[in-house]
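Chain by chain, the residues run as shown.
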Amino acid sequence: LKTLFTSPAGKIVAISVIIGLLVFLLVRLLLNRTSDKKVNAIPTDVYLWQNEDDIPEETDMERHLREALESGNYKIAVRILYLIVIRQLHENNFIKWKKDKTNRDYLNEMRQRDDYRNFREVTHIYEVVWYGDYDISTAEFEKIQSLFSAYKNRINGNAEKI
């Protein structure tokens, strides 16, 4: 064992392991710092249903939407608007909501429907806002909300065509 650490190859291995551990610890520390900031930036009760599988009742969604708007958290508001659309599509039997489905899965389910382009548009907007590091202004949110509202009305008014 003593010759392992005194040989040139052993020294290189030992130094590599130490550097690897230091890099690992540094990355881990940095990831914890950024994830703590994200958690603190999102209201706790909204963060708990970060996944589509935790969609709350409609009245809860409306309350969360109101709270997000009051606090100016448009990123959360866009997420709630998208979840409302997903719920309506499911309730109208246009998609089958499941815990492990992705937005792409829902897009594939909607592909043969007349309103596929509009659903693709609201999905794209949601993904840019939610998954991207993109802050939206009040004016931008109002445009987004208008698009989502129009699509929601389409779902409710033209259920047989969508």
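Bear in mind the structure is a predicted one, so any value in this text is a computation, not a measurement. (Residues numbered from 1 in each chain as written. Predicted model: local features only at pLDDT ≥ 70, side-chain atom pairs only at ≥ 80, totals over all residues. Heavy atoms only, no water.)

(A) Expanded view of the environment of Q88. Relative to the helices and strands, Q88 is located in helix 5 (residues 74-91). Distance in space between the C-alpha atoms of Q88 and I155 is 7.2 Å, their sequence separation being 67 residues. The residues contacting Q88, other than those within four sequence positions of it, are K152, I155 and N156. Within the structure, the side chain of Q88 is placed 3.3 Å from the side chain of N156, a separation counted as a polar contact. (Helix = DSSP H or I, 4+ residues; strand = E, 2+ residues; numbered from the N terminus. Contact = heavy atoms within 4.5 Å. Polar contact = N/O pair within 3.5 Å; in protein donor to acceptor, adjacent residues only side chain to side chain.)

(B) Fine view of the pattern of salt bridges. All chains considered together, the criterion is met by six salt bridges. Here R63 makes a salt bridge to E67, at a shortest N to O gap of 3.2 Å. Residue R63 and its partner E67 are located together in helix 4 (residues 58-71), separated by four residues, close to a single helical turn. A residue is classified by how much of its surface remains accessible, and R63, at 30% relative accessible area, is partly exposed. The class for E67 is partly exposed, based on a relative accessible area of 28%. Here R104 ties to E127 by a salt bridge, and the two come within 2.9 Å at their closest N and O atoms. Of the two residues, R104 is situated in helix 6 (residues 103-110) and E127 in helix 7 (residues 116-131); the sequence distance between them amounts to 23 residues. Looking at R104, the relative accessible area reads 46%, which means it is partly exposed. What makes E127 buried here is its relative accessible area of 18%. (Salt bridge = Lys/Arg side-chain N within 4 Å of Asp/Glu carboxyl O. Buried < 20%, exposed > 50% of the residue type's maximum accessible area, 1.4 Å probe, protein only.)

(C) A look at a nonpolar patch on the surface. A contiguous nonpolar patch, built from I15, I19, V23, V27 and L31 and spanning about 460 Å² of accessible area, is present on the exposed surface. Relative to the elements of secondary structure, V23 occurs in helix 2 (residues 8-41). Judged by its relative accessible area of 47%, V23 is partly exposed. (Patch = residues over 30% accessible without salt bridge, like charges linked within 9 Å, V, L, I, M, F, W, Y side chains within 5 Å. Areas by Shrake-Rupley, 256 points an atom, 1.4 Å probe, with all protein chains shown as cover.)

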